[in-house]
Amino acid sequence: MHTVVERELELRLVLSPERSIPVPARLTYRTEDPYAVHVAFHVGSDFPVLWSFARDLLVEGVFRPCGHGDVRIWPAKVDRRNVIFVALSSPDGDALLEVPSAAVAAWVERTLRLVPPGTESERLGIDEGLAELLAPLPADDLWLSDPWGSDESQDGGA
């Protein structure tokens, strides 16, 4: 059985140190994709902007700065509020998002209770998938038998 953990929340897109705008978003975690978290940003277009990255990155980012490249996450205090900053970088541009720390931490904790760290690979079903792929089928008997026999003469003569 697969489970989905979702959380709707409002992030702040930081435009400058003095200015930010609200961005509704949805955090999603799926047990069939146990290593990843998915974020859908609703930015007023026909389709949300989707980002996916390692759950471990978000877990660590709740406590200390982490990540490099396209996704960087770090905790901070803004106006005596605990927040998490998420910096996203893509060929289309960069974004700095401010996220309520308590909401993200509670959501992350739910995902960790559902799939504890170190047990993610058990959810992937790799062994079952390989067994299914490698299981013999009735047609395999035909494939493995030699329908034309040997080219050598059976009586030893030529």
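Structure's up top.
Values in this document were obtained by computation on a predicted structure and should not be read as measured data.

(A) Structural detail: the nonpolar core. Within the largest apolar cluster, 28 residues are counted, with the highest numbers of intra-cluster contacts made by Phe 41, Phe 53, Leu 58, Ile 73, Val 104 and Trp 107. The biggest single contributor to this core is strand E2 (residues 19-30), with 4 residues. The contact partners of Val 104, leaving out residues within four places of it in the chain, are Leu 27, Leu 58, Val 62, Ile 84 and Val 99.

(B) Broad picture of the environment of Thr 3. By secondary structure assignment, the location of Thr 3 is in the segment before strand E1 (4-16). For the pair Thr 3 and Thr 111, spaced 108 residues apart in the sequence, the C-alpha separation amounts to 9.8 Å. Not counting residues within four places of it along the chain, the set of residues in contact with Thr 3 comprises Tyr 29, Arg 30, Thr 31 and Leu 114.

(C) Looking closely at the pairing of E1. The sheet contact formed by E1 and E2 spans 12 bridges and is antiparallel. The residue bridging Glu 8 from the neighbouring strand is Arg 26, located in E2. Where E1 folds back onto E2 in an antiparallel hairpin, the turn is made up of 2 residues.

So, how was this worked out
- Here the residue index of a chain counts from 1 through its sequence in written order.
- Reporting of local features is limited, given that this is a predicted model, to residues whose pLDDT is at least 70; pairs of side-chain atoms are given and counted only at 80 or more, and all residues count toward the totals for whole chains, interfaces and linings.
- With hydrogens and water excluded, all non-hydrogen atoms of the structure serve as input to the side-chain values.
- Put simply, buried Ala, Val, Leu, Ile, Met, Phe, Trp, Tyr and Cys residues joined by side-chain atoms within 4.5 Å make one nonpolar core.
- Classification of residues uses two cut-offs on accessible area relative to the type maximum, computed with a 1.4 Å probe and protein chains only: under 20% is buried, over 50% is exposed, and between them is partly exposed.
- Secondary structure elements follow DSSP: runs of H or I of four or more residues count as helices, runs of E of two or more count as strands, with numbering from the N terminus.
- When checking whether two residues touch, look at their non-hydrogen atoms; a contact exists if any pair is within 4.5 Å.
- DSSP calls a pair of strands paired once it identifies at least 2 bridges connecting them.

The values are spatial; any link to function lies outside them.
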